[in-house]
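Coordinate inspection notes
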Amino acid sequence: MRLLVVEDEKNLNGLLVRRLEREHYTVDSCLDGRQAEDCLACAEYDGILLDIMLPGRSGLEILRELRSRGDRTPVLLLTARDAVEDRVKGLDAGADDYLVKPFALEELMARVRALVRRGPAAAGDRFELDDLVVDCASRRVSRAGREISLASKEFAVLEYLIRNQGVVLSREKIAGHIWNYSYEGGSNVVDVYIRYLRKKIDEDQAHRLIHTVRGVGYVMRIET
Ligand code: CA
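What this report covers is the structure whose coordinates are included nearby.

Burial along strand β6 (residues 126-129) is one-sided: the face carrying Phe 127 and Leu 129 is buried and the face carrying Arg 126 and Glu 128 is not. As paired strands, β6 and strand β7 (residues 132-135) are joined by 4 bridges and run antiparallel to one another. Residue Phe 127 lies in a different strand from β7, and its bridge partner there is Val 134. The turn joining β6 and β7, which pair antiparallel and follow one another in sequence, is formed by 2 residues; a positive phi near 55 degrees is taken by Asp 130.

This part takes up the coordination of the calcium ion. Looking at the calcium ion, one finds its protein donor set to be Asp 8 (OD), Asp 51 (OD) and Met 53 (O), positioned 2.1 to 2.3 Å from the metal centre. Mapped onto the polypeptide sequence, the residues donating to the calcium ion form the spacing pattern D-x42-D-x1-M. One end of the pair, Asp 8, is in the loop between β1 (2-6) and α1 (10-22); the other, Asp 51, is in strand β3 (residues 47-51), and 43 residues separate them in sequence. Assessed through its relative accessible area of 30%, Asp 8 is described here as partly exposed.

Read from one edge to the other, the open sheet built from 5 strands follows the order β2-β1-β3-β4-β5, with strand pairing classed as parallel. The strands lining the two open edges of the sheet, one partner per strand, are β2 (26-30) and β5 (97-100). On average, each strand axis in the sheet is inclined to that of its neighbour by 15 degrees, with strand direction left out of account. By the bridge criterion, 4 bridges tie β3 to strand β4 (residues 75-79) in an arrangement that is parallel. Note that in β4 the partner of Asp 51 across the bridge is Leu 78. Sheet strands touched by α1: β1, β2, β3 and β4. Its angle to β2, the strand with the most contacts, is close to 170 degrees.

Counting through the fold element by element, Arg 2 comes out in strand β1. Residue classification places Arg 2 among the buried positions, given a relative accessible area of 2%.

Further remarks concern the packing of helix α6 (residues 152-163) against helix α8 (residues 189-201). Look at α6 against α8: their axes get within 10 Å of each other, and the N-to-C directions meet at 85 degrees. In this view, α6 runs roughly perpendicular relative to α8, as classed from their interaxial angle. When α6 is examined against α8, the residues Lys 153, Glu 154, Val 157, Leu 158 and Leu 161 are found in contact with a partner set consisting of Tyr 193, Ile 194, Tyr 196, Leu 197, Lys 200 and Ile 201. For the contact of α6 with α8, the per-class residue count stands at 8 nonpolar, no polar and 3 charged.

Pairing is antiparallel in the open sheet, where 3 strands are placed in the order β10-β12-β11. Of all the strands in the sheet, the pair left with one neighbour each is β10 (169-170) and β11 (210-213). In this sheet, strand β12 (residues 217-220) lies alongside β10 in antiparallel orientation, the contact comprising 2 bridges. Residue pairing in the sheet places Leu 169 in a bridge with Tyr 218 of β12. This element, α6, spans β10 and β12 of the sheet and lies at about 70 degrees to β12.

Turning our eyes to something else, we now look at the packing of aromatic side chains. Throughout the structure, instances matching the rule amount to 2 aromatic pairs. For the ring pair Trp 179 and Tyr 193, a centre distance of 5.4 Å and an interplane angle of 55 degrees mean the geometry is tilted. Of this pair, Trp 179 sits in the loop between α7 (171-178) and α8 while Tyr 193 sits in helix α8, and the two are 14 residues apart along the sequence. In this structure Trp 179 comes out as buried when scored by relative accessible area, which is 8%. Here Tyr 193 and Tyr 196 contribute two aromatic rings whose centre-to-centre distance is 5.3 Å and whose plane-to-plane angle is 80 degrees, an arrangement assigned as edge-to-face. Here Tyr 193 and its partner Tyr 196 are both found in helix α8, 3 residues apart, which amounts to about one turn of the helix. Look at Tyr 196 and you get partly exposed, because its relative accessible area is 40%.

Cut-off values and rules
Residues numbered from 1 in each chain as written. Predicted model: local features only at pLDDT ≥ 70, side-chain atom pairs only at ≥ 80, totals over all residues. Heavy atoms only, no water. Buried < 20%, exposed > 50% of the residue type's maximum accessible area, 1.4 Å probe, protein only. Helix = DSSP H or I, 4+ residues; strand = E, 2+ residues; numbered from the N terminus. Pairing = 2+ DSSP bridges. Donors = N, O, S within 2.8 Å, 3.2 Å for Na, K, Ca; no water. Axes fitted to C-alpha atoms, helices over the stretch in contact; angles between N-to-C directions. Contact = heavy atoms within 4.5 Å. Parallel < 35°, antiparallel > 145°, perpendicular 65-115°, else oblique. Nonpolar A, V, L, I, M, F, W, Y, C, P; charged D, E, K, R; others polar. Phe/Tyr/Trp six-rings, centres within 6.5 Å; stacked < 30°, edge-to-face > 60°.

Take a look at the structure:
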């Protein structure tokens, strides 16, 4: 799950990013409205944490612009305590939820979990394909009843593939969903993680579930 954090208070921004990354989200962050628009033009997010009072462009302007082009990415507004009018405007402009500053990080995390469950990527939290079971809430994976232990990024790649099972995903699309802008690895990072996943999930199995589509990318599906 990839999130965008737009917050111009540096300390709060850093705190949010660290906490979200600890919960295994991939996070891009910006300190002003213009940067936020650049990020939104280039990447797809599963959720946006959007401060209202920002230099450059305000959170409300960004939100209106997003909704006017039909983008339904879930948005959680971060607002000042006394700005009731802003919160009403925000909800009217298409925000999914809001949180008043200062807030407890635990509450924010709960709101974020609820937020991304509403997004287009969230068809549920539990997926089955052949005898593979992936539970995204508990982050548990098993095949034929045998528990499989995955590293954080391995799980992120698997989650993205299984949420889009049957859909062929390009390397760029997978990389763009799992790694943020500050990542400086090579473009073959996706192939590397697919190799790890195959070893853990498909090796020695009668049916392989992760398939390469030559010249295009990867897909998870049952092939007979
Ligand atoms: Ca602000």
